[in-house]
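Letter by letter, the chains look like this.
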Number of protein chains: 4
Amino acid sequence: MADVVLGENRYGKAEVRIVAVSRDGGWHRLKDLNVSISLAGDFAATHLTGDNTGVLPTDTQKNTVYAFAKEHGIGEIEAFGLRLARHFVDGHEQTRLCRVRIEQYGWDRIPVQGGPAPHSFLRTGPETRTAEVSVAAGGAELVVSGVSGLVVLNSTGSEFHGFHQDRYTTLPETSDRVLATEVSARWRHQSNHQPNQQPNQQPDQHADWQTSFVETRRHLLEAFAETYSLSLQQTLYAMGERAIRQREEIAEIRLALPNRHHFLVDLAPFGLTNENEVFYASDRPYGLIEGTVRRAGVADSDLAW
Amino acid sequence: MADVVLGENRYGKAEVRIVAVSRDGGWHRLKDLNVSISLAGDFAATHLTGDNTGVLPTDTQKNTVYAFAKEHGIGEIEAFGLRLARHFVDGHEQTRLCRVRIEQYGWDRIPVQGGPAPHSFLRTGPETRTAEVSVAAGGAELVVSGVSGLVVLNSTGSEFHGFHQDRYTTLPETSDRVLATEVSARWRHQSNHQPNQQPNQQPDQHADWQTSFVETRRHLLEAFAETYSLSLQQTLYAMGERAIRQREEIAEIRLALPNRHHFLVDLAPFGLTNENEVFYASDRPYGLIEGTVRRAGVADSDLAW
Amino acid sequence: MADVVLGENRYGKAEVRIVAVSRDGGWHRLKDLNVSISLAGDFAATHLTGDNTGVLPTDTQKNTVYAFAKEHGIGEIEAFGLRLARHFVDGHEQTRLCRVRIEQYGWDRIPVQGGPAPHSFLRTGPETRTAEVSVAAGGAELVVSGVSGLVVLNSTGSEFHGFHQDRYTTLPETSDRVLATEVSARWRHQSNHQPNQQPNQQPDQHADWQTSFVETRRHLLEAFAETYSLSLQQTLYAMGERAIRQREEIAEIRLALPNRHHFLVDLAPFGLTNENEVFYASDRPYGLIEGTVRRAGVADSDLAW
Amino acid sequence: MADVVLGENRYGKAEVRIVAVSRDGGWHRLKDLNVSISLAGDFAATHLTGDNTGVLPTDTQKNTVYAFAKEHGIGEIEAFGLRLARHFVDGHEQTRLCRVRIEQYGWDRIPVQGGPAPHSFLRTGPETRTAEVSVAAGGAELVVSGVSGLVVLNSTGSEFHGFHQDRYTTLPETSDRVLATEVSARWRHQSNHQPNQQPNQQPDQHADWQTSFVETRRHLLEAFAETYSLSLQQTLYAMGERAIRQREEIAEIRLALPNRHHFLVDLAPFGLTNENEVFYASDRPYGLIEGTVRRAGVADSDLAW
């Protein structure tokens, strides 16, 4: 009979939806998060015999998210993730590695006659700010910030030609096309550039995560807009390079850029020209360009991803 | 044997995705639409015998959307819808009623160092501007503008109590709750207040649809924010009433407001209070409040919906 | 100042997800439903002044679904919907019309060595059985059964030609195409053919709803498969006609058939033929064919839809 | 200035939707696939300078899927993936690693009076059969088969107790609960047990992929149904162990099992008991249990995943 062994495993609570309201008199602030936790470590017993002695229920993990929001506030999602991850690694012997992934949904204030409303909000989007925090027993910590659902489009300044052709190539070359994508970007922070976030400090005392996110997002957008593109790969690299050159806290950045094709509609049958004016926005299939850009000399890290 | 008859029927092309770029030198503008067309009329032959003599293919309808974008420009979606609907009613004998439904996705310019980028764009959302246009043979026309996916939240200023109770009622009364909803609103324009949009005029000459949309949306948001709410129904009515009082071109408005429940998390088991600070955002089930608000004396219209 | 009036309105709880297990010894049966309720009637007070005296909370409606499942069992979804709708109309003075919409998800038993497992189940799909029940104060009742998500495809036996052509027509005629659609069908039962379902009877005593659904679904599928089609409209009518001729309990049936286009891929550039062998399955845009087929002489009913 | 380097990267065409019809006289067979391709290798030039000399367009990759379906037939998806992946690695110098991921949607024949229809089909689901094939320059090949969307439920035979408790634990222990999950399973084939699939052979000559899939799926389902469960982890391991013990071609299997919580509804406020009869099926949050089960002594493989 085959010998069978348990390999890598992890478990946790996914998609804990929390909305937290903080008040400064009648002036409210909103945090709207989707928190997912996973624990890895010594969980062989429950797999092999159903002995749950070492299993912290996922329900407890959910409770902890809500309780921590009250006890410590949420602050920036990287800090909240670190606090949660440290708690599970420090407080639960079987957990050797905790990962916390957080999505943050954006809200603006509703503008009313007298200015921004004090406690009325309007959802922005579709983009989502993300954080993925990994904390290992022994103290190693890694933080990955990111953004997803950032849909961008250049209506000119993009070419695609000179490519390899084989028997199955029919794509015409183009010197002017629409380039559109939905940016998913995740950047790993250098350990020595992380804000010094101690568990007993208030997350809100550290504004660096917020600045880092806002500035990195800005550089990604600017690089997308300012890069004259000969391929989506070139644009990807330019975005990553810009982020790393401009933000010294970033060790590496991973980008996934689906090529949201906009095909020029053939209007000739109707006696009409189409000089890059009318496009069909296609859903599937799509090109998918994925790449990592790294700061030279920075060590790789399996822990972070 | 039963006698069987064909009842109401319609057909058309749904979800034609068109992105149109217009240029003012290097300064580009973007329209991103999802267009659905339906034709009703004398289509018994194709149903009963497969005789397609009177059937204009849905593929042709799709082509017409793209061709019209080039020939006439898109302009405001209400005008574009009218132009398309008139074309099918006027040009296709079997069509007695054409409805065009358009969703418009929002795009901002990407901000770069020198200001807004000339041809680089960032998708906004999640809200969508909508238009539904109905044109009947004989000349009757109705235009319904709208917005969907407008997610709003008041973090205070909402109560719910004094309700009817029966054997199955367990809901506690509350004098302070989070009120959140995803607004779907559609408002029918009065016929005599529609911009005088002739088929041979340029849609862009008429800015009224744009102003009407922007202002109605603003009034809906302000009414949501400013209404102290004893029920989501009261908020719905206040929103509709505001729109009708403020915008004389509106005959009636239909609102669908799912109650996106935010439940207060019970933190007592952890020795913590929760004074409307930490909420669980629930997906299902949800309350769904739907209602119409009308200008008094305005005739109802089955044609529009 | 404009006079403003409240028009049609309704409210209720949507998407109550209930899974009920009934036992016959160790042999379990499963019902998996998504129940949505709406109440219409005299609800002006809550809209105009926030007076909730007449408002039965949507939370109570949810509770009632769960309680009724225990008190009365679920049985067939038409019967469960009737029981719920009658309860709200009979027990809540302000409610003049209650509509209950139910989706039922399918489950099979997992086959194990000894045959079908007694309490282990496998989700089927993607199709969903539906029911929409309307009960008005005064006793009028209407039941609409249906199915959605029924995806079907004929790989031959479908033509499309002889259609109207205008300036924008480019579609080639075809005498052999793939015809695929996702059937949404809803059929209204004749009042005098409804199983005589009294509130104080057990729903399970009446098997007719089950038979009616299974047989109508079968006839729809057979008509789709057996109809040589010159247009999707012809197929739609054939399906409706079949259902009405075969099932005397059906007064009318409404079908919505999106034309899931399967485009023949042009393989000529690669020196290959394509004799209806290789297709690209397109997502958008799609044709949408909607139609009603009625039993002659049967009165229309606004109440049902 | 920071030195910046390009890290791991890949690109390809995602979600090529292909439906292929093969004929045996009037008896048709259907394959309905969603194919995604990615190429990794020497693609620095296009990233760094926009030099596309070595870039095979994703459009060509799409064309190749359609052309190969005609030239070679599809056969089993593992074989089709291998054929595609070998083609790109062998025929395109820059590609050092090609991964092909395929989803296959299920179709049954529509039953008609005379038995199964010859060319009319009904979509099954929601489950999807999957394959992920990796081919490296130099000849290494790995095949991962799988299934996703397999939703299963045990209505009894599941307990959860004896777990670790901390300050935030409130979950009651249970000795009888509903256990439901949506199985995502991917199993890596041992290299020496792969069917000997040569590029110039017909995929259909090798029935082993089909048998392997059908049998592995059966063992997973049986293990789910037959395992008396003290934790979802125990069920996961039992499923993986069963697959490996029963199917000698499997080297390892990775399972992701979201715990689709079914919460017992508290009916006590209505004077009713609830002996595991009425449940609320919750969407979010959910437990997520992930684990790998391996054949002892089998080498790990980074290439496959």
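Here's a quick rundown of the structure.

## What to know about the overall build of chain A
When its secondary structure is counted, chain A shows five helices and eleven strands. Expressed as lengths along the three principal axes of its C-alpha atoms, the size of chain A is roughly 75 × 75 × 40 Å. Every one of the 305 residues in chain A was classed for burial, and the buried ones make up 61%. Considering only contacts in chain A between residues 6 or more positions apart, those separated by 24 or more positions represent 68%. Split by element, the accessible area of chain A, about 11100 Å² in all, is 46% carbon and sulfur. Of the side-chain charges in chain A, 30 are positive and 39 negative, and the distance between the mean point of each set is 4 Å.

## Remarks on the side chain of C:Thr156
You can see C:Thr156 is positioned in the loop between β6 (141-154) and β7 (179-189). Among the polar contacts made by the side chain of C:Thr156, one reaches the side chain of C:Asp176 at a distance of 2.9 Å. Residues contacting C:Thr156, with those up to four places away along its chain left out, are C:Asp176, C:Arg177, D:His28 and D:His119.

## Focus on the interface of chain D and chain C
Contacts between the two partners involve 54 residues from chain D and, on the opposite side, 54 residues from chain C. For the pair chain D and chain C, the two sides together bury roughly 4700 Å², of which 62% comes from carbon and sulfur. Three residues stand out in chain D for area buried against chain C, namely D:Tyr66, D:Lys70 and D:Leu153, and they jointly supply 12% of the buried area on that side. Counting across the chain D and chain C interface gives two salt bridges. Our count for the contact surface shared by chain D and chain C stands at 25 residue pairs in polar contact (both at pLDDT 80 or more). For the side of chain D that touches chain C, the leading source of residues is strand β5 (residues 115-136) of chain D, giving eight residues. Bridge count for strand β5 (residues 115-136) of chain C against strand β6 (residues 141-154) of chain D is three bridges, and the pairing is antiparallel. Considered in β6(D), the bridge of C:Leu122 is made with D:Val152.

## Here we look at the pattern of salt bridges
Two side chains bearing opposite charge may form a pair once their charged atoms approach each other closely. The final tally for this structure, using the stated rule, is 96 salt bridges over all chains. Of the charged contacts, one joins A:Glu226 and A:Arg242 as a salt bridge, the two residues approaching to 3.0 Å between their closest N and O atoms. Of this pair, A:Glu226 sits in helix α4 (residues 208-226) while A:Arg242 sits in helix α5 (residues 232-246), and the two are 16 residues apart along the sequence. The closest approach of N and O atoms between C:Arg217 and C:Glu127, which form a salt bridge, is 2.7 Å. Highlighted residues: C:Arg217 in helix α4 (residues 208-226) and C:Glu127 in strand β5, separated in sequence by 90 residues.

## Considering the pairing of strand β2 (residues 16-24) of chain C
Examined bridge by bridge, β2(C) and strand β3 (residues 27-41) of chain C share nine bridges and lie antiparallel to one another. Bridged to C:Val16 within β3(C) is C:Val35. Between the antiparallel neighbours β2(C) and β3(C) lie two residues, among them C:Gly25 with a positive phi of about 65 degrees. Note: β2(C) against strand β10 (residues 278-281) of chain D, three bridges, orientation antiparallel. Directly across from C:Ile18, in β10(D), lies its bridge partner D:Tyr280.

## Quick look at the interface of chain C and chain B
Contacts between chain C and chain B engage 74 residues on the former and 74 residues on the latter. For the chain C and chain B pair, buried surface summed over both sides reaches about 6500 Å², with 52% attributable to carbon and sulfur atoms. In this assembly, chain C and chain B are joined by eight salt bridges. Put simply, C:Arg167 and B:Glu71 hold a salt bridge, and the shortest N to O gap is 2.9 Å. Secondary structure elements with two or more residues in the side of chain C that touches chain B: β1 (4-14), β2, α1 (44-49), α2 (58-72), α5 (232-246) and β11 (286-295) of chain C.

## Focus on the packing of helix α4 (residues 208-226) of chain B against helix α5 (residues 232-246) of chain B
All names here are of chain B. Where α4 meets α5, the axes come as close as 8 Å, and the angle between the chain directions of the two elements is 140 degrees. As judged from the angle between their axes, α4 and α5 are oblique. Relative to α5, α4 is oriented so that their crossing is right-handed. Here Thr216, His219, Leu220, Glu222, Ala223, Phe224 and Glu226 of α4 come into contact with α5, specifically with Thr235, Ala238, Met239, Arg242, Ala243 and Gln246. Here the contact of α4 with α5 is composed, by residue class, of six nonpolar, four polar and three charged.

## Section: the relation of the copies chain D and chain C
Superposing chain D onto chain C takes a rotation of 180 degrees plus a shift of 0.0 Å along the axis, which leaves an RMSD of 0.0 Å. The symmetry that links the two subunits is that of a two-fold axis. Mapped onto chain C, 100% of the interface residues of chain D are again interface residues, and the two copies thus contact each other with one and the same surface.

## As for the packing of aromatic side chains
Going through the model one piece at a time under the given rule, you end up with 20 aromatic pairs over all chains. Aromatic pair A:Tyr168 and D:Phe68: ring centres 5.8 Å apart, planes at 75 degrees, arrangement edge-to-face. Here A:Tyr168, found in the loop between β6 (141-154) and β7 (179-189), pairs with D:Phe68, found in helix α2 (residues 58-72), and the two come from separate chains. We note A:Arg109 situated over the ring of A:Trp27; from NZ or CZ to the ring centre the distance is 3.8 Å.

## Side note on the packing of helix α2 (residues 58-72) of chain A against helix α3 (residues 77-91) of chain A
Residue and element names in this part refer to chain A. Taken N-terminus to C-terminus, the directions of α2 and α3 make an angle of 125 degrees; their axes are 11 Å apart at the nearest point. By the angle class used here, α2 and α3 are oblique. Pair α2 / α3 crosses with right-handed handedness. When α2 is examined against α3, the residues Gln61, Thr64, Val65, Phe68, Ala69 and His72 are found in contact with a partner set consisting of Phe80, Arg83, Leu84, His87 and Phe88. For the contact of α2 with α3, the residue count by class is six nonpolar, four polar and one charged.

## Regarding helix α3 (residues 77-91) of chain B
Residues and elements named next belong to chain B. Relative to the 21 Å expected for 15 residues at 1.5 Å per residue, α3 spans 21 Å between its end C-alpha atoms, a close match to the ideal helical length. Most of α3 is tucked away, with twelve of its 15 residues classed as buried. Listed as buried for α3 are Ile77, Glu78, Ala79, Phe80, Gly81, Leu82, Arg83, Leu84, Ala85, Arg86, Phe88 and Val89. Each element contacted by the buried residues of α3 is listed here: β3 (27-41), α2 (58-72), β4 (95-112), β5 (115-136), β6 (141-154) and α4.

## A few points about unusual backbone geometry
Of note, the amide linkage connecting B:Arg284 to B:Pro285 takes the cis form, showing an omega dihedral of -10 degrees. Following the sequence through the fold, B:Pro285 ends up in the loop between β10 (278-281) and β11 (286-295). Cis geometry is found at the peptide bond from C:Gly125 to C:Pro126, where omega equals 0 degrees. Positionally, C:Pro126 belongs in strand β5. We note that B:Asn276 has phi near 55 degrees; this positive angle belongs to a residue other than glycine. The residue B:Asn276 is located in the loop between β9 (262-264) and β10 in this model.

About the thresholds
- Residues numbered from 1 in each chain as written.
- Chains lettered and ligands numbered in written order.
- Predicted model: local features only at pLDDT ≥ 70, side-chain atom pairs only at ≥ 80, totals over all residues.
- Heavy atoms only, no water.
- Helix = DSSP H or I, 4+ residues; strand = E, 2+ residues; numbered from the N terminus.
- Buried < 20%, exposed > 50% of the residue type's maximum accessible area, 1.4 Å probe, protein only.
- Contact = heavy atoms within 4.5 Å.
- Areas by Shrake-Rupley, 256 points an atom, 1.4 Å probe, with all protein chains shown as cover.
- Lys, Arg positive; Asp, Glu negative; His and termini not counted.
- Charge placed at Lys NZ, Arg CZ, Asp CG, Glu CD.
- Polar contact = N/O pair within 3.5 Å; in protein donor to acceptor, adjacent residues only side chain to side chain.
- Buried area = accessible area lost by both parts, 1.4 Å probe.
- Salt bridge = Lys/Arg side-chain N within 4 Å of Asp/Glu carboxyl O.
- Pairing = 2+ DSSP bridges.
- Axes fitted to C-alpha atoms, helices over the stretch in contact; angles between N-to-C directions.
- Parallel < 35°, antiparallel > 145°, perpendicular 65-115°, else oblique.
- Left-handed = near helix turned anticlockwise from the far one by under 90°.
- Nonpolar A, V, L, I, M, F, W, Y, C, P; charged D, E, K, R; others polar.
- Least-squares fit on C-alpha atoms with pLDDT ≥ 70 in both.
- Phe/Tyr/Trp six-rings, centres within 6.5 Å; stacked < 30°, edge-to-face > 60°.
- Lys NZ or Arg CZ within 6 Å of the ring centre and 35° of its normal.
- Expected span 1.5 Å × (residues − 1).

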